[in-house]
Structures are given as structure tokens and as C-alpha cells.
Amino acid sequence: MLDESAELSVSITQIVQRLKGTHLHSQLEKQAKECLHKPEIKLETLKDDVRRLLKASGWERKLQNAVYRELHILPPPGHPRAPPEHTKEPLAYMCKAQVNWEKRILKSLNSMCTELGIPLARKRPVPEQKELTNKWNEMGTDEPDLSKFRPVYAPKDFLEVLVGLRNPNNERSEDLTVRSHWGLIQVSLNVRNIPQMREMYPELGLTFGQLGIDDHTHVPPDLFESEHIHIGKKVVSEQDSAAAQQYSRQGCPTGLRAQLWSLILNTTNDPEDITHYEQLKARVIHHALLVDNLIYKDVKLTASNDDYYFVFEDYLYQVLLCFSRDTSVLEHFNYNSATPPKSCIQSKSGSEQSAVVYPPNGVIPFHGFSMYVAPLCFLYNEPSKLYSVFREMYIRYFFRLHSISSLPSGIVSLCLQFERLLQSHLPQLFYHLREIGAQPLRIAFKWIVRAFSGYLSTDQLLLLWDRILGYDSLEIVAVLAAAVFAFRAENLMEVTSLASAEAVLADLSTLKVMPLLQIFLFATSV
Amino acid sequence: MQVVFLTFSLTRAPKPQPQTWTGQHEKFIPAGILPCLGLSCQDKDCTPYPRYNTTVPLRDNYPPRQHSSLNPTSSVLRTLDRRHRTRREGRNCIRYRCGLTNTIQDVLNQRPGWVEVKEDGDWDFNWCDVGWLRENFDHSYMEEHVRICHFRNHYELTRKNLMVKNLKRYRKTLEREAGRMEAAKCDFFPCTFVLPSEYHIFVEEFKRSPGSTWIMKPVARSQGKGIFLFRKLKDIIDWKKDGSRSEEQKDEAQVESYVAQRYIENPYLIAGRKFDLRVYVLVTSYIPLKAWLYRDGFARFSNTRFSLSSIDDQYVHLTNVAVQKTAPDYDPEKGCKWQMQQLRCYLTAKHGFETVQTLSKEIDNIFIRSLLSVQKTIINDKHCFELYGYDILLDQDLKPWLIEVNASPSLTASSQEDYDLKYRLLEDTLHIVDMEGRLTGKEKRVGGFDLMWNDGPVYTDVGLEALGSSCLVANTHLGCVNDRQKQLQQLLKPFPGQKKT
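Named according to an unreviewed UniProt entry, chain B is Tubulin--tyrosine ligase-like protein 9 originating from Cirrhinus molitorella. Under Sequence similarities (unreviewed entry), UniProt gives the following word-for-word description of chain B: "Belongs to the tubulin--tyrosine ligase family."

Naming follows an unreviewed UniProt entry, where chain A appears as Rab-GAP TBC domain-containing protein of Cirrhinus molitorella.

This is the structure we're talking about:
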């Protein structure tokens, strides 16, 4: 093990490495050079003077935010001699499971390709390019025949894989406690119990004001809310990522959320971001991909049918089609247990074969994928802005919801966390549901995979995502899933089949997220 | 009968509640504070999950009146408020007549102590359509306590030409009496002319603004029928003598008046789509004016993407369907709706609280001014009340425009959510009309309705703690949380004959 200071210096080196050569770097240099012409700069105190000026002009804050962002996606420090795959996923059996899962997905994609006789990618003829350019803003009006396409996989298929996970080092016949046999997840990972959670989420405690609770009480009239909004405006004007993140733990006011989130995620929407988006758009217009059909199909199946999100259909295409072409997304595979899928292309001579990542961003969309974008349409109008916020959300959080890994915020841990909370909190309920063949995870899994998008009403969903950003963790999603079961426990105790249990939990649109979380974590005896 | 009695008392007995939540209010409310009666409670928010309610529907355990003498529950009914008994001459129920077969019928049917009367029986309460009103109102004698859901000449507000006429007159009066500034507050309806009577001033105005788009609407038709857009005067001249129209349409055109209205060319779009707002306003009296605003409502989205190029010359003689697609009040795909709360949340997210606050103030102004414009014209009658459906359009600068007012807003539901909204709306309307005498008359809020105007603006009661609240805050909450169930339970006396739990 490395000691702390060595760890720190490794991280610093890594971050410096990553920021070198970025646009920010060149801008900082330019600013520094420009301020040399200013009269207040003295040669004797050159370094300090330049620093002071950069601070005063807000560039220091920009650098801070950029460093803060890098810290979020920095892989956990490992031993310097450990191979890079180990930082992706330290457990061999998890790696293997992920590899097998990827093989299955790719096979399914390839067979669809052959079955339908549609190439993975093709250049669009010029008239088609023109047509697409013209209706870029209304792609939803197109009604292509998608009956032959089916989603590559649905959350249900993925759950089966997770249920099948086994640690080969455990002799399964003995050794495991009774409790671990209860649930569907059969691997042992370290997950928090309620007292640990209380330490982890102090700001959700009963003594703290919460948006989503304290803005709805009428006595005293919205005292907390107006104070909280006041602070929120200050945070926005300071342009400080770290402060915004801390602030978000108590919820973002509706009117400030868009600004606060892009501050937390450090998506600045610079001219470079806009150009980047335009480049991606051009790639969509030039080439058609097989995955486009999957995206179309998914949007039509999910968001277009949603009571809230149907309006945003066009935005979803504008974001998701560009996302599939974005090779900068590949970077997140440095810390994602998954590996981007590869496909062979024949070179023109036909003699050589070379492997390319397919789709270019390395992410094969599954059924419900577009629901990661849909709630963000509520906050951002401009496609380029919407795009960069979504991409950052994906490479920080959402990828974890469909990659097999042992990381604390990974889907396996979340599932186990959910089961453990329910088992220790409401053992009778868990037992009852298990006995009637309605394993709680079978019902909750779809919520967790989508981080509840499409299940809660929009305002409540955004309040939940505030906390994901605020605590930089998806763990809260598992807590909410357990809290929902606790809330409807009485009704669930009366059901006698999986179908009726599902009926009890079919509509979550009337739930109020924050009271549920707060009660579950802080007002229940453990 | 014994069994009936048992279920009756059982549903009223307070259920033993767990110490966590009631499971019926999805907010943190300690058990026992707000027991849900399961009576008038059709509120979605009030049931743990939709259509999984185990409480027996009200009809089944509230015996119809004709059996009351035989039924054990008549003892309960006998405890009716004395005042009401004498007023209704010993009757212990409210007799209603309902001319519509939709949500309103369900609401009336399920209201405790209300009984439907046959075709020509006497009634205490009448939810009629405007046709019935036209034929019967003048011939009927109404007792003091009787209520009916329209004012005699409601069309002064709800016919497009008369509304504009009244608004223009009101604006003139304001300008004369209070000056230009005050009159400018009436500039919330697009420039409109009645054809054929105002044809000449219309042509003058039309020539002053070349290139603008106009919309032509028949005054008495609704749901976008007969609407078309035009940009050239030639188009309406052609239209007037268009041989391609059917004989029937020609005949109609001869008797029918039209309004020509400046088309709002820069509507506010959400994801490229145009929408309008449907907001509900209840008027219980014109002199003095007393008006209530409902918190819920919805935005109706058009299914097509908005673009002015679709009104190009080649499309001027649009077919009906095409016309309706660009018509503001056409609902091409039922269910293309957002609840008002959703819209308010969206606009707040995009533009901030202050902007939305200003917007709702301006929308309030539309309701008040339009009602004041007909205050002296409408025949005030204490038997009458009216629920108006306002159609409002927002433009890019978030300025609200009044499109039209409907006296019989559609009460037919397009979805479960829509049904729930309309059910709540009508229930609260009946609470305010208050046939049961459960209110004091001083309420500022009843369920989802907030009192907006009571012979003058109404302000919220602001607590002393509120910071810097020297200014008055309007008592309206369009698109805000509608926690009506809770409010109603604190407010209302129980239905006659029903014990308070």
C-alpha cells in the first residue's frame, strides 16, 4: 500500500498530465502572457502578480473546477505496478462475467445485422444527407418501419446475468450465512448498513432543511426555501463546482437547477463544445449506423409514450445519435469495467482486416437507454448544452448501471445494497415476498437501472438526481428503491403473487422522494 | 339490510393506523392526523396506488333516498342540519338534473345526499347545456336555493365576436376614465375584427401591416372547425366567393359571422412544438364580481412542429385537416397534454421564479379584465354560476394572449389523469356552489380553487415571519401544488348526516 502523500502525488501527476494540452491550458497561457503587458505587473514579483491577476479574472476558479472534474473521473489509485486492467475491475470473476456479457451482446447485434441484411455502417447518399439536414429538428415526425428491430437487450436479461454471478472462491454449499441466500445477488461485496449511511448522508438528516420536503410545508411560509434560493444564487455567481456540489445535497431549486448542474459537472458550453457537437452532427448526417435504428426504436418505445417526455422526442434523437458517434466517450473505458465492442472492417483491397470500435462511442444502447437523457431535456434547450451535460452524466454515473463491476456505485453493489437494506429493515416483508415468488429485486431492478427515470414524476426525479450529483454516488438510488418497498409494505404484505406485488408498485408517479428517503434513513429504528 | 348497515358503519370507523405513514398521503404526515374518509376521495394522490382501492364506492353504501324510510341509515340522515331541512321543505336530499353524460354525471352521482331527477321533475341543482338554457331559462321559476350552471347571456363572454366587442368597449372606457396606461393592460387579445360588419376597418388595419398572417374563425363554432389562415387579402375575397366550397358551407357562411384575428406568429415553443393553456375560472357572481381560479389545468401540445412556412401561399386553401393542425385549439392526439404543474415547473427551470411569477400575474390580469369587461352586460342572477375554460397562448417573450373563453369546457376525459383532474375540478366547483351549506362564505380557498377576485383583488394572508413581504401577493396559485384533499378536510363541515371523524 502506498502512503497518502505518495498517492496524492500520483494523482497530481495524473491530473496535470490530463490537463496539459487542453483548451483550458492554452487559454491560461494566453491570459498569463496578456497580463504581462499590464502596468501593475512587476518583474520582481512576477509569479505572484500573474497569479493574482488570474485569480481576479476568474481563471483560477476555472482551473479549480477543471481539476475538480478530473478528480471525479480519476480511477482509484492502485499499486503503481498493477496492470491497468486491475484499476478497471480488481476481481477476476467480475471481469470474466463482463467479458461474457459483452460477447453475448455483440453476438446478438451481429446476428441482427446478418438477419436483416443491414450493414453496421454505411455512407448516406447525398440526397439523403440533405433530407436529414432539413429535418434535423423534427426527426420525430419520421415514422420508419422498425418492426424488424428489437432492442439488443432489456434490463430483465441483464438481471439474469447478475443473478448468475458467483464468486469461485466461496464454497457455496457452506460458509454463506442464511441471509445471503435470501436474495438474488449471491456475491459478497461490502455495502453500507443504515448507521453507516447516516454518517454518509448527514445532510439528509431530520435537522437539515430539504428541498422536496421543507418547501412544501406552509408554516412558516417557505422560510427555508427562500433562504436556500438565496444561497443558491450566491453559489451560481461564485462559479464554484465544489460549492455547487455540496449545495445540491439539500436539493437544487427548480429555477437554478440547470445552472447548478452544469456547474457541478463543469460543462461550460464553450465555443469548443458547440463545435464538437456540430462535428458529431455532421458525422450523423454523413453516415448511417445500425444502432441508429436501435435508438429510434428505443425512443419510440419509451420516451414517446411517456406522459411527460413525449414532447422531447426530437431532442432525444439529436442527443443520442450524436452520442453514438462521440469517440471522446471511449475515455471512460479507462475506469469502466467494460471494454468497447470491436468489429472487423475489410480494407478496400480485401486482404487486410482491421478492428474498429463499434459503435464509435463503444456504448450499445439497450431498452430504456433514452430515459437517461429525457429528464435533462427539462433543463436545457440548446442541443449542444444538453448534449454535454448528458455525456458528463453518462461517463460519471450512468455507465455504472449497466456494467458488471465490484465498485461501490456499480450495479451489482446497488442491487446487493437494496436487498440488504430490505432484509435488515423489513425481514418479514422480504421473507413474505420471497415465499410467494416475488423477489423484491425482480421488481426494483428496472427502477435502479434507469435511476428511476420514467418512474417518478419529473420534479421528484430531479430532486433525486440532485442527490446523486451532490453525493457523487448512485447509492441513493438503491436506498430509494428500498424505501419505496417500506412505504408500501402494508399492502405488499397482503399480496399473494408476483403480479399483484407488481401491481402495488406499478405507479410511483405520486411518490414524494425526499420524505421517503429521510424517513427510511433517519426516522426508523435500527 | 343489516349487512348494509354494518358496512356503512365500518367504513366510517377510524381504521387502526400504523405509527409510520397512513399510506394514503404520499407525504410525511403522521398517522391519524388526516384520516382519509374514502368518501369523496377520488383523488389520485389520496389512494395508495390507482385502481387498487379497497374502499367500497360510495354509491354502494350510501342508500338511495327512496329507501330511506326502510333503511337503518335513515337515522343518520335524520340528523340533517335543521336549517337545510326547512329550506328544502323537509327534503333531506338535493335533487339534481344533469344534461351531460360525462365526468359531471359521475361527480353528481357520487355526491352524498344528491339524487337525480327525471326529465321534467323539480330540481334544486341543474347542470345543463347551453341549448337547454336558451330554451327553458326564461320560462322557469327558480326558488331561492336553486342553482344553475350558466348565466343567461354567457355568450357575451364566450362568443368570439362579442368577447372582442366587450373588451374593446371596456378598453375605451378605461382609456377615458383612467388613461392610456390603464387601458394598455387590456392589450392581451390579438387585433380582431368581426366580419362582415367590420370589413372596412379590417382592410385598413390589414394594409397597415403587410406580410402578417391572419386567422379566420367562425364566431360560434368551436374545436377549430372552419378555421383557416391567410396572408393576402385576395385569399379572403376568393374565399368569399369560392365556388369549390360545398353548398352547405356557403349557406353557413352567409348566416355565420367570422372574426379575422392577427395570428400570433411567434408562439412560445417547447421542443419545437406549439401549445396552448386551458385554465379554469369559476364565477359565482358578477355583481359584485366573485371569481375563483383553479390550480390545475393543462397545456395542449400540437402534434406537428411549428413553422410559419406551412402557411405559404400554396397552402392557403387548406383542407380541413391541415387547417386544424395549425389551429391553436385543435387537439390532434388526445393525451398530448401536460399538467399545469409540469408546465410551471418546466418554465421555472428555464426562466427562473421571477419570470414565472410575472407570467402568472399577467395571466390573472387576463381573467380579471375579461370578466370586468362583461360585468355590467351579463345579467347577474344569484341562481347562476359558471365554470369557464380559458384558452391562453404564450408567445416567445412569455406574454400571455387570450384566445377564447368557453362556457362549456369539455368535461369529457381523454385519459385517466384527465378524468381525475376534471373530477377534482367539478367536485370543488360543487363545494363552492355549496348546496349543502358547509361553507362560511368567507373562504379564500376551497380545494383547488383560490379566490382571485372578490369585488377587488384578493391577497394571500402572509405570515409575519415572511421576509420582506411589504408588498401584497396575489391569492392565485395556477400550476402550484394542489393539496386539496388536506385543505378540504380542514375546511369543510362534514356532509349532512355524516359524522366527523
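K.L.:
Sorry if this is basic, but what is going on with the overall build of chain B here?
P.N.:
A tally of regular secondary structure across chain B gives 17 helices and 16 strands. Residue burial in chain B is summarised as follows: out of 501 residues, 53% are buried. Of all intrachain contacts in chain B linking residues separated by at least 6 positions in sequence, the fraction that spans at least 24 positions is 69%. When the accessible area of chain B is evaluated, it comes to approximately 23400 Å², of which 53% is carbon and sulfur surface.

K.L.:
Honestly, the overall build of chain A in this entry has me stumped. Any pointers?
P.N.:
From N to C terminus, chain A includes 25 helices and four strands. Across the 526 residues of chain A, 54% fall into the buried class. Look at the contacts in chain A between residues 6 or more apart in sequence, and 76% of them connect residues 24 or more apart. Of the roughly 23500 Å² of accessible surface on chain A, a fraction of 54% belongs to carbon and sulfur atoms. Charged side chains of chain A number 55 positive and 60 negative; the gap between the two group centres comes to 5 Å.

K.L.:
How should I be thinking about the pairing of strand β10 (residues 273–285) of chain B in this particular structure?
P.N.:
Working note: regular strand, side chains alternate between the two faces of the sheet. Residues and elements named next belong to chain B. Burial of β10 is extensive: 12 of the 13 residues sit out of reach of the surface. Here seven bridges tie β10 to strand β13 (residues 386–394), and the two strands are oriented antiparallel to one another. The residue bridging V281 from the neighbouring strand is Y388, located in β13.

K.L.:
How should I be thinking about the sheet that holds strand β4 (residues 147–148) of chain B in this particular structure?
P.N.:
Strand pairing in a sheet relies on backbone hydrogen bonds, with the paired strands running either antiparallel or parallel. Residues and elements named next belong to chain B. Strands sit in the order β2-β1-β3-β4 across an open sheet of four strands; the sheet is parallel. Since the sheet does not close on itself, it has two edges, and those belong to β2 (114–116) and β4, each with one partner. Inspection of the sheet shows strand β1 (residues 94–98) paired to strand β3 (residues 125–127) by three bridges, in the parallel sense. Looking at β3, one finds that R97 is bridged to N126.

K.L.:
Any chance you could explain the pattern of salt bridges here in plain terms?
P.N.:
Summed over all chains, the structure comprises 43 salt bridges over all chains. Close ionic contact of R122(A) with E128(A) constitutes a salt bridge, the shortest N to O distance being 3.3 Å. Here D450(B) and R295(B) are joined by a salt bridge, their closest N and O atoms 2.8 Å apart. Taken as a pair, D450(B) in strand β16 (residues 449–454) and R295(B) in strand β11 (residues 290–305) lie far apart in primary sequence, 155 residues in all. The pair formed by D450(B) and R295(B) is uniform in burial state, with each residue classed as buried. Because the salt bridges share partners, they merge into one network encompassing R18(A), R69(A), E70(A), E331(A), E392(A) and R396(A).

K.L.:
Looking at this structure, how should I read helix α16 (residues 416–433) of chain B?
P.N.:
Helical geometry note: an α-helix holds 3.6 residues per turn, so side chains three or four residues apart project in the same direction. Its 18 residues place the ends of α16(B) 26 Å apart at the C-alpha level, agreeing with the 26 Å of an ideal helix rising 1.5 Å per residue. Phi turns positive one or two residues past the end of α16(B), at D434(B), with a value near 55°.

K.L.:
How should I be thinking about helix α18 (residues 411–425) of chain A in this particular structure?
P.N.:
Taking 1.5 Å of rise per residue, the 15 residues of α18(A) would be expected to cover 21 Å, and the 21 Å separating its terminal C-alpha atoms lies within 8% of that figure. Along α18(A), 13 of the 15 residues are buried, which leaves the element largely enclosed by surrounding structure.

K.L.:
I tried to follow the side chain of Q518(A) on my own but got confused; where do I start?
P.N.:
Residue and element names in this part refer to chain A. Mapped onto the secondary structure, Q518 falls in helix α25 (residues 513–522). At 3.0 Å, the side chain of Q518 and the backbone oxygen of L204 are in polar contact. Here Q518 is in contact with L204, G205, L206, F208, Q210, I213 and A523, once residues within four sequence places are set aside.

K.L.:
What should I look at first to understand the sheet that holds strand β5 (residues 192–195) of chain B in this one?
P.N.:
Residues and elements named next belong to chain B. Pairing within the open sheet is antiparallel, and its four strands lie in the order β5-β8-β6-β7. What marks the edges here is a single partner per strand, and that holds for β5 and β7 (228–230). Looking at each pair of strands side by side, their axes are set apart by 25° on average, direction ignored. Across three bridges, the pairing between strand β6 (residues 214–218) and β7 is antiparallel. Across the sheet, I215 pairs through a bridge with L229, a residue of β7. Taken strand by strand, helix α8 (residues 160–178) contacts β5, β6 and β8 (258–262), and its axis lies near 130° from that of β5. Running at roughly 140° to β5, helix α10 (residues 199–208) makes contact with β5, β6, β7 and β8 of the sheet.

K.L.:
Any chance you could explain unusual backbone geometry here in plain terms?
P.N.:
In terms of backbone geometry, most residues other than glycine have negative phi values and most peptide bonds are trans. Following Y358(A), the chain continues to P359(A) via a peptide bond in cis, the omega torsion being -10°. With respect to the helices and strands, P359(A) occurs in the loop between β4 (353–357) and α17 (383–396). One non-glycine residue, F452(A), lies in the positive phi region at around 70°. Here F452(A) falls in the buried class, since its relative accessible area comes to 0%. Positive phi is not limited to glycine here, since A271(B) has a value of about 50°. Turning to its location among the elements, A271(B) is positioned in the loop between β9 (269–270) and β10.

K.L.:
Hey, could you run me through the packing of aromatic side chains in this one?
P.N.:
The relation between two aromatic rings is expressed through the spacing of the ring centres and the mutual angle of the planes. What the rule picks out here adds up to 56 aromatic pairs over all chains. When the ring of Y199(B) is compared with that of F202(B), the centres are 6.3 Å apart and the planes differ by 55°; the resulting orientation is tilted. On the criterion of helical spacing, the pair formed by Y199(B) and F202(B) is a turn pair, its members being three residues apart in helix α10. Here the two residues Y199(B) and F202(B) agree in accessibility, since each one is buried. A network of ring pairs unites the aromatic residues W101(A), Y153(A), F158(A), F323(A), F366(A), F369(A), Y372(A), F390(A), Y394(A), F398(A), F445(A) and W465(A) as a single cluster. Looking at K337(B), its charged tip hangs above the ring of F298(B), at a distance of 4.4 Å from the centre. A cation over a ring is seen here: K399(B) above W401(B), with NZ or CZ 4.7 Å from the ring centre.

K.L.:
Can you walk me through the confidence of the model for chain B in this structure?
P.N.:
Close reading of the predicted structure is inappropriate where its pLDDT is low. All names here are of chain B. Across chain B, the average pLDDT comes to 73, with 67% of residues at or above 70. Every residue in residues 243–247 scores below 50 in pLDDT, and together they form five contacts with partners more than four places removed in sequence or on other chains. With pTM at 0.81, the complex prediction returns an ipTM value of 0.83.

K.L.:
Looking at this model, I keep getting lost on a nonpolar patch on the surface. Mind explaining?
P.N.:
All names here are of chain A. The grouping of L8, I12 and V16 at the surface amounts to a nonpolar patch, some 270 Å² of accessible area in total. Relative to the elements of secondary structure, V16 occurs in helix α1 (residues 4–19). By relative accessible area, which is 43% here, V16 ends up partly exposed.

K.L.:
Honestly, the pairing of β1(B) in this entry has me stumped. Any pointers?
P.N.:
Residue and element names in this part refer to chain B. When you tally the buried positions in β1, you get five out of five residues, the bulk of the element. Covered by surrounding structure in β1 are I94, Y96 and C98 together with R95 and R97, the residues of both alternating faces. Across three bridges, the pairing between β1 and β2 is parallel. Along β2, the bridge assignment pairs R95 with V115.

K.L.:
Help me understand the state of the cysteines, please; the structure alone is not making it clear to me.
P.N.:
The final tally for this structure, using the stated rule, is zero disulfides over all chains. Counting only cysteine sulfurs, C377(A) is the nearest neighbor of C336(B), a cysteine outside any disulfide, at a range of 16 Å. Residue C336(B) is classed as buried on the basis of its relative accessible area, which comes to 2%. This cysteine, C384(B), is not joined by any disulfide, and C128(B) carries the nearest cysteine sulfur, 8.9 Å off.

Basis of the calculations
- Residues numbered from 1 in each chain as written.
- Chains lettered and ligands numbered in written order.
- Predicted model: local features only at pLDDT ≥ 70, side-chain atom pairs only at ≥ 80, totals over all residues.
- Heavy atoms only, no water.
- UniProt positions renumbered as here; feature names shortened; annotations may be inferred.
- Helix = DSSP H or I, 4+ residues; strand = E, 2+ residues; numbered from the N terminus.
- Buried < 20%, exposed > 50% of the residue type's maximum accessible area, 1.4 Å probe, protein only.
- Contact = heavy atoms within 4.5 Å.
- Areas by Shrake-Rupley, 256 points an atom, 1.4 Å probe, with all protein chains shown as cover.
- Lys, Arg positive; Asp, Glu negative; His and termini not counted.
- Charge placed at Lys NZ, Arg CZ, Asp CG, Glu CD.
- Pairing = 2+ DSSP bridges.
- Salt bridge = Lys/Arg side-chain N within 4 Å of Asp/Glu carboxyl O.
- Expected span 1.5 Å × (residues − 1).
- Polar contact = N/O pair within 3.5 Å; in protein donor to acceptor, adjacent residues only side chain to side chain.
- Axes fitted to C-alpha atoms, helices over the stretch in contact; angles between N-to-C directions.
- Phe/Tyr/Trp six-rings, centres within 6.5 Å; stacked < 30°, edge-to-face > 60°.
- Lys NZ or Arg CZ within 6 Å of the ring centre and 35° of its normal.
- pLDDT = per-residue confidence, 0-100.
- Patch = residues over 30% accessible without salt bridge, like charges linked within 9 Å, V, L, I, M, F, W, Y side chains within 5 Å.
- Disulfide = S-S within 2.5 Å.

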